Amino acid sequence: MNFLRGVMGGQSAGPQHTEAETIQKLCDRVASSTLLDDRRNAVRALKSLSKKYRLEVGIQAMEHLIHVLQTDRSDSEIIGYALDTLYNIISNDEEEEVEENSTRQSEDLGSQFTEIFIKQQENVTLLLSLLEEFDFHVRWPGVKLLTSLLKQLGPQVQQIILVSPMGVSRLMDLLADSREVIRNDGVLLLQALTRSNGAIQKIVAFENAFERLLDIITEEGNSDGGIVVEDCLLLLQNLLKNNNSNQNFFKEGSYIQRMKPWFEVGDENSGWSAQKVTNLHLMLQLVRVLVSPTNPPGATSSCQKAMFQCGLLQQLCTILMATGVPADILTETINTVSEVIRGCQVNQDYFASVNAPSNPPRPAIVVLLMSMVNERQPFVLRCAVLYCFQCFLYKNQKGQGEIVSTLLPSTIDATGNSVSAGQLLCGGLFSTDSLSNWCAAVALAHALQENATQKEQLLRVQLATSIGNPPVSLLQQCTNILSQGSKIQTRVGLLMLLCTWLSNCPIAVTHFLHNSANVPFLTGQIAENLGEEEQLVQGLCALLLGISIYFNDNSLESYMKEKLKQLIEKRIGKENFIEKLGFISKHELYSRASQKPQPNFPSPEYMIFDHEFTKLVKELEGVITKAIYKSSEEDKKEEEVKKTLEQHDNIVTHYKNMIREQDLQLEELRQQVSTLKCQNEQLQTAVTQQVSQIQQHKDQYNLLKIQLGKDNQHQGSYSEGAQMNGIQPEEISRLREEIEELKRNQEILQSQLTEKDSVIENLKSSQTSGTNEQSSAIASARDFEEVAELKQELATLKSQLNSQSVEITKLQTEKQELLQKTEAFAKSAEVQGESETVIATKTTDVEGRLSALLQETKELKNEIKALSEERTAIKEQLDSSNSTIAILQTEKDKLELEITDSKKEQDDLLVLLADQDQKILSLKNKLKDLGHPVEEEDELESGDQEDEDDESEDPSKDLDHI
């Protein structure tokens, strides 16, 4: 306070003495007045003066205003005035500040008043409690004041809010406010609150901030929304950037899927407003925050996969290939797609399959490379395309092979109808534009990164330089361009390509050394004393020569390691060579390129180093230095060590193959085990079915035993009294007796028939002999009658015999059937007797399982009983809470009635006060007429009571009033 008074006294353009007294009197009224109206009017006057006389009001009135916030919370109007006054004191209103010195002084005042306010932490806690008030005139000024405090001294205020109970939760409630002004200012408040504070960011995220912010963005129309969408996106960036916990929570909460509608840009002719471009730019940046290369690899990979699965990557590729997209949005979209696919094989494969909507369709990679090697395209767009190509090839050996294969003779399209990626890269490599040379060289180097196979494949590439001349290799053409003395940017790009190509590839080193002009060219470049601009080229030439030594397999007798080192010592000098090699890492642009993978340069002349190449330099600089200083004996020892390591690697490879084979065998055995398990389960089910069938047979057997026991009680033993299909044994014996009797009758009838036949024969013979003898008529008549009777009796006997023979046959078949059934029944009884022991053993097993099932059923019943008791208790709690809510609702209704009554009483009091003021005015006029002196202060007070508009109030009236 004393310091601020000193500042006030030192100001050249300070306030008038009367104005300082006015502020002092107003502060006295706030502190001493017993009437709430007087205090309210005084605070309202201070509010009117606080913008113009910010320093004086802040010095004299801050303590009184804080006291008002503590004591007059029942009156929302005075609280609102006090909060507005404090906001005017603390905030820096730049619109009213014209000069730079005035702006700086204003900022100093704001931070100093903020420091005074937060010196007592209870003031911030009091402000947080005021934000719980729903009254618009309290909550809105409170939000603005707290936002201003955070802008002035953010870390200190953040710490106070962090230790305040439920402090962050109270601020999160602002996002749910139905009044858009408070909700929008609440978003700004949370922006200031979450800036650079990971602890608060986590609390805000777990208070459901993502859900609420995404809902607001959707309600406002996604990318077509206004500045509210922009504020929400900035808040989301605060919550997610460099916060791995919140990023994981965002992914696990399935919020990435809700980002897809942001990029549905609609019709190309719908227009792109400035706000839409800003919103979409922030949305793309938010996607990049989730898949940034600086994030932990696992978190980035999971977000990349989620973006592919929900269709977000597909949506971005649609924007990438669309027409009518603004240039800055297209550039940022390319950068975003780059980081979404970087190092993710699934996303890289999808990107390789994307085609541009052209006729005929062309791959998106080819279309982008056309823009990269086209010098008429914007520089930032070309950088973005290069970054996209690098991300496509990052840890993607499949993609690297596809790019290199487009340069090989067997895959080049002879018709020339289509342009491949390799042809575009070669065209850019040998273009007249140095930036195209650099970009194409770096892109081709990324196709060879950590891929020895493609380095060897690229040696096969042949180029036709001119008609009639034989083709030359790509490697030879690169060295030819180097020797022609082109621009520095072109030479740097080619040298980076050659260094990447030759590293870890002895075959490529041999091809490079096979051209006798290459080594003299390099030594000549390194040995010369050139200017600072050429020092970088000298360093890269030294690096290339060092790679040719370090990765040399001594297959060329004229360029063996030892001879090359002797050449360096003779032509250049080892110390000079190492000094030139160190020029690379000492270059000012080297450290800048080593920080981030994205090639982000302010202008083309800064485009010198590639990020991946800086890693290669860091890896090789030390080993090349050691290789230069090594003697031939040390080289031999190193060769022996290498051979030993190779043998060791061969042994390790052998064991790896064995382990791989064992893994395959183990996998086969696992599959067999799983198959056997399935078969076992099937057999178990079959056994279960058989057990159930055995149980059924056992039940039937028990029933038969019971029935047989009953029969034994009536008929004696089982062997004599058992029934066979319902026929008793005595019936069988009776039938046998009848059969025997019928047989005897048949024999008797047969004997009688024989006797009759013999009589008939005798009669016939006697009849034949009687023709010669004369007999009497009576004797012959008797004989004729006897013959007729005997014939009739014979026919009757034959019919009886036939019927009896049929009946005998029938009885014999029935007897046979009865005997078969009796034997079958006896056999089944024996089988049942044999299987009874097996049934008994399986019955015991089934009974054990049944008891276990009964025990489990009992436990489940106990659990159901416990759950029902818990449900009853919860229901009782719910009923009690419902009753409590009903009681609170009635109390609320009573309070609302009391408020209505109090408002009516206040209106009546105002009417009475107006009448009293009128009477006082008339009495004063009478006193004036009588010549009695009247004080001017009374008149001004009555005039001040009639002024109700706080915003349009004239400060001069208050001055006169005092």
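Criteria and cut-off values
- Residues numbered from 1 in each chain as written.
- Predicted model: local features only at pLDDT ≥ 70, side-chain atom pairs only at ≥ 80, totals over all residues.
- Heavy atoms only, no water.
- Helix = DSSP H or I, 4+ residues; strand = E, 2+ residues; numbered from the N terminus.
- Buried < 20%, exposed > 50% of the residue type's maximum accessible area, 1.4 Å probe, protein only.
- Contact = heavy atoms within 4.5 Å.
- Areas by Shrake-Rupley, 256 points an atom, 1.4 Å probe, with all protein chains shown as cover.
- Salt bridge = Lys/Arg side-chain N within 4 Å of Asp/Glu carboxyl O.
- Phe/Tyr/Trp six-rings, centres within 6.5 Å; stacked < 30°, edge-to-face > 60°.
- Lys NZ or Arg CZ within 6 Å of the ring centre and 35° of its normal.
- pLDDT = per-residue confidence, 0-100.
- Expected span 1.5 Å × (residues − 1).
- Axes fitted to C-alpha atoms, helices over the stretch in contact; angles between N-to-C directions.
- Parallel < 35°, antiparallel > 145°, perpendicular 65-115°, else oblique.
- Nonpolar A, V, L, I, M, F, W, Y, C, P; charged D, E, K, R; others polar.
- Polar contact = N/O pair within 3.5 Å; in protein donor to acceptor, adjacent residues only side chain to side chain.
- Patch = residues over 30% accessible without salt bridge, like charges linked within 9 Å, V, L, I, M, F, W, Y side chains within 5 Å.
- Lys, Arg positive; Asp, Glu negative; His and termini not counted.
- Charge placed at Lys NZ, Arg CZ, Asp CG, Glu CD.
- Disulfide = S-S within 2.5 Å.
- Left-handed = near helix turned anticlockwise from the far one by under 90°.

Now for the overall build of the chain. The number of helices and strands found in the chain is 42 helices and 4 strands. Expressed as a percentage of its 962 residues, the buried residues of the chain come to 39%. Contacts in the chain between residues far apart in sequence, at least 24 positions, make up 71% of those at least 6 positions apart. For the chain, the exposed surface amounts to about 55000 Å²; the carbon and sulfur share of it is 52%.

Our focus in this paragraph is the environment of Lys615. Take Lys615: it is sitting in helix H36 (residues 611-629). It is 7.4 Å that separates the C-alpha atoms of Lys615 and Ser594, two residues lying 21 residues apart in sequence.

Now for the pattern of salt bridges. Under the definition given, this model contains 22 salt bridges. Between Arg288 and Glu339 there is a salt bridge, with the nearest N and O atoms lying 3.0 Å from each other. With Arg288 in helix H16 (residues 274-290) and Glu339 in helix H19 (residues 327-341), this residue pair connects regions lying 51 residues apart in the sequence. Of the residues examined, Glu339 reaches a relative accessible area of 5% and is grouped as buried. The structure contains a network of salt bridges with shared partners spanning Asp37, Arg40, Asp75 and Glu77.

What follows is about the side chain of Thr147. Secondary-structure assignment places Thr147 in helix H8 (residues 136-152). What makes Thr147 buried here is its relative accessible area of 8%. In this structure Thr147 touches Asp185, Leu188 and Leu189, once residues within four positions along its chain are discounted.

To continue, consider unusual backbone geometry. Each neighbour pair has its own omega, and for Asn359 with Pro360 the value is 0°, a cis peptide bond. Along the chain, Pro360 falls in the loop between strand S1 (355-356) and strand S2 (362-363). Even without glycine at this site, Met166 takes up a positive phi of about 60°. Tracing the chain through its elements places Met166 in the loop between helix H9 (154-163) and helix H10 (167-172).

Next up on the list: the packing of aromatic side chains. Counted under the stated rule, the structure contains 12 aromatic pairs. Considering the side-chain rings of Phe206 and Phe249, the 4.6 Å spacing of their centres and the 35° angle between planes classify their relative orientation as tilted. Residue Phe206 is found in helix H12 (residues 198-206), and its partner Phe249 is found in helix H15 (residues 244-252); the two are separated by 43 residues along the sequence. Judged by relative accessible area, which is 25%, Phe249 ranks as partly exposed. A connected cluster of aromatic rings, assembled from ring pairs, spans Phe206, Phe210, Phe249, Phe250 and Tyr255. One Lys or Arg, Lys144, reaches over the ring of Trp140 and ends 4.1 Å from the middle of that ring.

A separate point is the side chain of Asn246. Along the polypeptide, Asn246 turns up in helix H15. Every residue in contact with Asn246, bar those within four places of it in the chain, is listed here: Gln201, Lys202, Ala205, Phe210, Leu239 and Leu240.

Below, the discussion takes up the confidence of the model for the chain. Per-residue pLDDT for the chain averages 81, and the proportion of residues at 70 or more is 77%. Counted against residues more than four places away or in other chains, residues 1-16, with its pLDDT under 50, gives 18 contacts. Ignoring residues within four places in sequence, the model shows residues 716-727, a span with pLDDT below 50, making 16 contacts including any to other chains.

Relative to the helices and strands, Leu564 resides in helix H32 (residues 561-571). On the basis of relative accessibility, which here comes to 3%, the residue Leu564 falls in the buried class. Once residues within four sequence positions are removed from consideration, Leu564 is found in contact with Leu513, Val519, Ser548, Ile549, Asn552 and Tyr559.

This part covers H19. Between its first and last C-alpha atoms H19 spans 21 Å; for 15 residues at 1.5 Å apiece the expected length is 21 Å, and the two agree. Most of H19 is tucked away, with 12 of its 15 residues classed as buried. Elements in contact with the buried residues of H19: H16, helix H17 (297-309), helix H18 (312-321), helix H20 (345-353), helix H21 (364-372) and helix H22 (379-393). Just past H19, the residue Gly343 takes up positive phi, approximately 75°.

This next bit is on the packing of H8 against H9. In the contact formed by H8 and H9, the axes pass within 5 Å of each other and the chain directions differ by 125°. One finds that H8 runs oblique with respect to H9. Here H8 contributes Leu146, Leu149, Leu150 and Gln152 to the contact with H9, which in turn contributes Gly154, Val157, Gln158 and Ile161. The residue inventory of the contact of H8 with H9, partitioned by class, reads 5 nonpolar, 3 polar and no charged.

Attention now goes to H8. For H8, which comprises 17 residues, the first-to-last C-alpha distance of 24 Å matches the rise-based estimate of 24 Å (1.5 Å per residue) to within 8%. Counting buried residues along H8, 12 of its 17 residues qualify, which places the element largely inside the surrounding structure. Within H8 the residues assigned to the buried category are Val138, Arg139, Pro141, Gly142, Val143, Leu145, Leu146, Thr147, Ser148, Leu149, Leu150 and Gln152. Where H8 begins, one side-chain oxygen reaches toward the backbone nitrogen of His137, 2.8 Å away; that side chain belongs to Asp135.

Now for a negative patch on the surface. Negative charge collects at one region of the surface, where Glu898, Asp901, Glu905, Asp907 and Asp908 lie side by side. With respect to the helices and strands, Glu905 occurs in helix H40 (residues 777-929).

Here the focus is the state of the cysteines. For the structure shown, the criterion picks out 0 disulfides. No disulfide involves Cys478; its sulfur sits 8.2 Å from that of Cys426, the nearest cysteine.

Take a nonpolar patch on the surface next. Where nonpolar side chains cluster on the molecular surface, the patch consists of Ile651, Tyr655, Met658 and Ile659 and spans about 380 Å² of accessible area. Here Met658 shows up in helix H37 (residues 632-715).

With their axes 9 Å apart at the nearest point, H16 and H19 run at an angle of 15° to one another. Of the possible angle classes, the one that applies to H16 and H19 is roughly parallel. Remark: the crossing between H16 and H19 carries left-handed chirality. Contact residues: Val277, Leu280, His281, Leu284, Gln285, Val287 and Arg288 in H16; Asp328, Ile329, Glu332, Thr333, Asn335, Thr336, Glu339 and Val340 in H19. Each residue belonging to the contact of H16 with H19 can be placed in one class, and the counts come to 6 nonpolar, 5 polar and 4 charged.

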